[in-house]
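Each chain, written out:
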Amino acid sequence: MGPLILARHHLERGRPDLALEALDGVTSGEVETLEFWRLRADTLLRLRLWAEARDAARSGLDRGPNDVHLLEVLALACSGLGKKKEALTAIEAALGLQPDDPGLHAQKAFLLTRHAQNAIGFASYRRARAAAEHALELDPDFVPAHAARLQVAVAAGERRAPKLATRLLELAPESEQAHLLAGVALTNRGRVSAGVRHYTEAARLDPPDPEAARFLRGSKTLAHPVASVLRLFWRLGPLAVLLTIFVLVVGSLILYLTTGIELPIAILGICFIPFFWYLFFVGNIARGNHSRRP
């Protein structure tokens, strides 16, 4: 069995580490083939060696500049390096060659979701949502398009995210990614116990995946009775917490200034402020951890 065939076999088995070892045994003639650079770029991408994957994709594109797959790999590798402009340029080049490919539109939605935040911290998901919906128009039952649309909904905090998760699971009930996204969607709406069930299923479907295990540990912590107040915040969202803080501050001051309430009681009321600020910050950190998928 030749090294290229062996590398492809290892990739299909989910062992990119062994595929990379196999590629080290290619001949000087095979190094010049487009197939070698495709396999090498795919392998390095799965190992999350972003810079090496980018370089491999570029080497392949030097030999086949219109290779759509290598352009897609280049986009993902640049995204992994935090190079938003280069990533979007590569995926747009791929779409220019295959404009009716729902997979490329779904990938564009994923990239736009990952890089939605601008320089001042404001995030807009309008373009990502449009790309995912266009992918669904091209193929209404295309699983990656539904996954991309759900990722947008989760990142944007859309209320319909659990409904989108249900549809994705109908199409891909054995998908580890589908269960992870469903867990995120439900947990972000305050349904932590339901989210834990999906994280558990994701971990069962892909035991080596560290992400599923990380999400499961975090959600089990949130499902503990001690975290009930945090789950209430999670369901209401940060705006409700800010309004609560405002009401507590104003209410405590009014009570103290207009009714002559004893100072210790007023202080007790004001002491709720750091408590709710704690919920605000900790909740946002937890929400961010559960919404991020590299």
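**Student:** Would you mind going over helix H10 (residues 143-156) with me for this structure?
**Tutor:** Since the α-helix advances by 3.6 residues per turn, residues separated by three or four positions end up pointing in the same direction. In a regular helix each residue adds 1.5 Å, so 14 residues correspond to 20 Å; H10 covers 20 Å between its end C-alpha atoms and thus fits that length. Burial analysis of H10 places 10 of its 14 residues in the buried class, the great majority of the element. Every buried residue of H10 is accounted for by Ala145, His146, Ala147, Ala148, Arg149, Leu150, Gln151, Val152, Ala153 and Val154. Positive backbone phi, approximately 75°, marks Gly157, located one or two places after H10.

**Student:** Sorry if this is basic, but what is going on with the packing of H10 against helix H11 (residues 161-171) here?
**Tutor:** When two helices pack together, their arrangement is given by the angle between the helix axes and by the axis-to-axis distance. Contact geometry of H10 with H11 gives a least axis separation of 9 Å together with a crossing angle of 160°. By the criterion of interaxial angle, the relationship of H10 to H11 is roughly antiparallel. Remark: the crossing between H10 and H11 carries left-handed chirality. Seen from H10, the contacting residues are Val143, His146, Ala147, Arg149, Leu150, Ala153 and Val154; seen from H11, they are Ala161, Leu164, Ala165, Arg167, Leu168 and Leu171. For the contact of H10 with H11, a count of residues per class yields 10 nonpolar, 1 polar and 2 charged.

**Student:** Where do I start with the confidence of the model for the protein in this structure?
**Tutor:** In low-pLDDT segments, the atomic positions of the prediction should not be examined closely. Across the protein, the average pLDDT comes to 81, with 71% of residues at 70 or higher. Every residue in residues 284-294 is under pLDDT 50, and counting partners more than four places away or in other chains gives 35 contacts.

Reading guide: rules and limits
- Residues numbered from 1 in each chain as written.
- Predicted model: local features only at pLDDT ≥ 70, side-chain atom pairs only at ≥ 80, totals over all residues.
- Heavy atoms only, no water.
- Helix = DSSP H or I, 4+ residues; strand = E, 2+ residues; numbered from the N terminus.
- Expected span 1.5 Å × (residues − 1).
- Buried < 20%, exposed > 50% of the residue type's maximum accessible area, 1.4 Å probe, protein only.
- Axes fitted to C-alpha atoms, helices over the stretch in contact; angles between N-to-C directions.
- Parallel < 35°, antiparallel > 145°, perpendicular 65-115°, else oblique.
- Left-handed = near helix turned anticlockwise from the far one by under 90°.
- Contact = heavy atoms within 4.5 Å.
- Nonpolar A, V, L, I, M, F, W, Y, C, P; charged D, E, K, R; others polar.
- pLDDT = per-residue confidence, 0-100.

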